[in-house]
Amino acid sequence: PGGAGEHGRHAMSFFGSVYDSDLPARSRSVYMYLKDRTNTKGECWPAISTLCRDLHLSRRTVQRALRELEADGFLSTTRRHRENGSHTSSLYKILR
């Protein structure tokens, strides 16, 4: 009982893939925040300022975490623009 099984120690956990990773704490926090807010397609679009405020992290720390998560295949980021061409919050898609 409680063994690792074929998919890691946390295979049954909602956040299992990030628990079994070597990601730093900042990236794990950002991942859990995003995953907790996804729609049925695994997508969400909080502003960086919202992530910073809710997680009590600096803008640079959140940006670094997002880059790490994308590089490690945990999420994809799509820049979004308003009709007038200005940037709005990015679309984040949880991949695992």
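About the cut-offs
Residues numbered from 1 in each chain as written. Predicted model: local features only at pLDDT ≥ 70, side-chain atom pairs only at ≥ 80, totals over all residues. Heavy atoms only, no water. Buried < 20%, exposed > 50% of the residue type's maximum accessible area, 1.4 Å probe, protein only. Helix = DSSP H or I, 4+ residues; strand = E, 2+ residues; numbered from the N terminus. Arc of directions from axis to C-beta. Expected span 1.5 Å × (residues − 1). Contact = heavy atoms within 4.5 Å.

A.B. asks: Can you break down helix H3 (residues 48-55) residue by residue, with the values?
C.D. replies: Of all the positions in H3, only Ile48, Leu51 and Cys52 are classed as buried. Buried residues in H3, looked at end-on, bunch into an arc of 100°, giving them a common side. Phi turns positive, to about 55°, at His56, one or two residues after H3.

A.B. asks: Quick one: what's the story with helix H4 (residues 59-71), residue by residue and with numbers?
C.D. replies: Its 13 residues give H4 an end-to-end C-alpha distance of 18 Å, which sits within 8% of 18 Å, the value for a rise of 1.5 Å per residue. Those residues of H4 that are buried are in contact with helix H2 (25-36), H3, strand E2 (75-81) and strand E3 (87-94). Phi turns positive, to about 80°, at Gly73, one or two residues after H4.

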